[in-house]
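# Summary of structural features
Residue strings, one per chain:
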Amino acid sequence: MDHLGSYEVVVIGAGHAGIEAACAAAKLGAKTALFTMTLDGVGNLPCNPSIGGTAKGHLVREIDALGGVMGIAADATFLQSRMLNLGKGPAVHSLRVQTDRRKYRAYMKHLLEKTENLELKQAEIVAIELDEEHRVCGVRTHLGAFYGAKAVVIATGTHLGGRIFVGEASYASGPDGEHAACELSQNLKSIGVPLRRFKTGTPARVHRRSIDFSVLTRQAGDESIQPFSFMTKCEMKNRVDCFIAYTNEETHRVIRENLHRSPLYGGMIEGVGPRYCPSIEDKVVRFADKPRHQIFVEPCGEDTEEMYLQGMSSSLPEAVQNEMYRTIRGLEHVEIMRPAYAIEYDCVDPTALQPTLEFKTIGGLFGAGQFNGSSGYEEAAAQGLLAGINAARSVQHKEGVILQRQESYIGTLVDDLVTKGVMDPYRMMTSRSEYRLYLRQDNADERLTPLGREIGLVDDARWAEFNHRRTVRTAEIERLNTTVIRPCDANPVLEEKEEPLLTSGAAAAELLRRPALKYKDVARMLPVNEEVTPFIAYCIETEIKYEGYIRRQRSQIGAVKRQEDTVIPDDFDYAPLTGLRLEAREKLSRIRPHSVGQAARIPGVGPADIACLTIELVKLRRSAGKETK
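The residue numbering used here restarts from 1 in each chain and proceeds along that chain's sequence as written. At least 70 in pLDDT is required for a residue's local features to be given in this predicted model, at least 80 for side-chain atom pairs to be given and counted, and no such filter applies to totals for whole chains, interfaces and linings, which use all residues. Think of the side-chain values as coming from all heavy atoms in the structure, minus any hydrogens and water.

### Some words on helix α11 (residues 409-420)
- The end-to-end C-alpha distance of α11 is 16 Å, a good match for the 16 Å that 12 residues give at a rise of 1.5 Å each.
- Turning to α11, its buried residues are Tyr 409, Ile 410, Gly 411, Thr 412, Leu 413, Val 414, Asp 415, Asp 416, Leu 417, Val 418 and Thr 419.
- The inward-facing, buried residues of α11 contact α2 (56-66), α10 (377-395), α19 (582-591) and α20 (596-600).
- A side-chain oxygen of the first residue of α11 lies 2.8 Å from the backbone nitrogen of Gly 411; this N-cap is Ser 408.
- A positive backbone phi angle near 70° is found at Gly 421, which sits one or two residues after α11. Only runs of H or I of at least four residues qualify as helices and only runs of E of at least two qualify as strands under DSSP, and these elements are numbered from the N terminus. Every helix has an expected span of 1.5 Å times one less than the residues it contains. For each residue, the accessible area found with a 1.4 Å probe, counting protein chains only, is set against the maximum for its type, and the residue is called buried under 20%, exposed over 50%, and partly exposed in between. Should any heavy atoms of two residues lie within 4.5 Å, those residues are counted as being in contact. Polar contact is defined as a pair of N or O atoms within 3.5 Å, subject to the rule that within protein one atom must be able to donate a hydrogen and the other to accept it, and that residues adjacent in sequence are counted only when both atoms are side-chain atoms.

Right, dumping it as structure tokens:
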């Protein structure tokens, strides 16, 4: 075995998790290598060619606020931008962009190539080597090369033990025909990593010329575009339209008559599929009362004729796919360029990980992305960023960073994975957070950029921009709270909006609290403040309109923080605590929570168990205090 070099951090896999992990580790000063089985697959979007969506847009904003790269890349390569859920409250407003698949990959590859302290290498990692203390000491490639490493981040996506299914056909493969990583699966099992099988799928890609767009519903982008990155300043214009089609009873008949040919229902697939993104076969069976299902017809890029049929993933045979897709209005003559397929892969039980995403039993080994049992590009990138940060900090002998669920969606995601575990691929949703009115996408920088600066990922330019934006917003909120508007200045606007008129002066902020009024309406009653951008105006409007609710949620967060700050020692012995129920003792011993707050969220651990645990920790601290004296 040839020893070809040594690194502080090695990242395995150059998908969304691997990219963020490698960039973060390198930016924090760790000598880093990112290994991928093919350089042409860096930053691949093997499923939907989009970034963001409900709750996922929150994750992208948080990644950007901390100094990650997904938001910047999405802005640089977008085709269409839409803010989802605008008919609902600001807590669930979520940005989603259609991206140019090839340009996104090229952007990410070039970004990695330009990152200092980072080497990008094409090689399949087949083994992670451990030393006598069961700590990571290096990795081995399929060509017999050995690279030393103090920390390793596994971000293998769906390549790990990957197997493709299309009808009766199945073969070892990663997504898009890339190689599967099978040897690494065996190695991970041998070093004690608890693996399981999950499954996901992707719809067919079809030729644009074979679609009759005249009978589909056009879905245009937003006129006023909000970028993902707080640093994007260039003007952004939509370049494409998307379209909506629908399945029908004939589509469902074709599927039902061929269910016996589906590997999902024939027993060939043993992996558990995503609950919230089921295949079309699953939809037809589970929602038999629905006469139709929505399909989004989306372009894959400006320089390709491939269109993506979101919402219609399948593992049915190719012949059945042809028949099925052609029952849909507008797709009667569709040409399939890439058939739909299901892919089964290995992933870890995430309860084997600490909140830092380091393994509890293997020092220096971290997991991120679909390897941790999640689904989605955004969930993967969020975990990759945290794993990369903590991998670098571990080799620099710094304390690990733990993001709390009350301060970010990233914290919610990681806490759910490592505390509750997963029975199927985890998808982030706004309903998973108890604090969603506070954890909005518009204030991600307020919540996380100071932490990104403290960690070392936020550079001077981003920090200066953040402080300027914060100063402008704070000053404008103060102006709205203290400026009294006269009836003669307010009533013309109020009359236009069919609002009750003023008979005496009122604070600008009070007027803005009226549901029918926007910031731009109130701004017409005041001297112009040119520093307030549309985005800052949106933030101000949200803060003022929902001030009471936000204050209440911040108070709840303060109460929860006390539990999160009560740390449980790593070697704490739960066995002697007879006050704990047997189930609680077993789960606490297995998951080994970092804090009392995390312990309280473990299913099967009740309030009485937490009270008992808290008493024992108080006794332990008092005893330790006496010993030091």
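Okay, back to it.
### Topic: the pairing of strand β1 (residues 2-12)
- Relative to strand β9 (residues 145-154), β1 is paired through 9 bridges, and the arrangement is parallel. Note on β9: the bridge partner recorded for Val 11 is Val 153.
- Any two strands with at least two DSSP bridges between them are considered paired. The pairing of β1 with strand β2 (residues 32-36) spans 4 bridges and is parallel. Counterpart to Ile 12 in the pairing with β2 is Phe 35.

### Some details on the nonpolar core
- Ranked by internal contacts, the top residues of the largest apolar core, which has 109 residues, are Ile 51, Ile 128 and Leu 365.
- Considering every element that reaches this core, the biggest residue donor is α10, with 11 residues.
- When near neighbours in sequence (up to four residues on either side) are disregarded, Leu 365 contacts Ile 128, Val 136, Val 152, Ile 154, Ile 191, Val 193, Leu 357, Glu 358 and Phe 359.
- Listed in part, the 24 residues of the second largest apolar core include Leu 216, Met 307, Leu 316 and Tyr 325. Throughout this description, the term nonpolar core refers to a set of buried Ala, Val, Leu, Ile, Met, Phe, Trp, Tyr and Cys residues connected via side-chain atoms within 4.5 Å.

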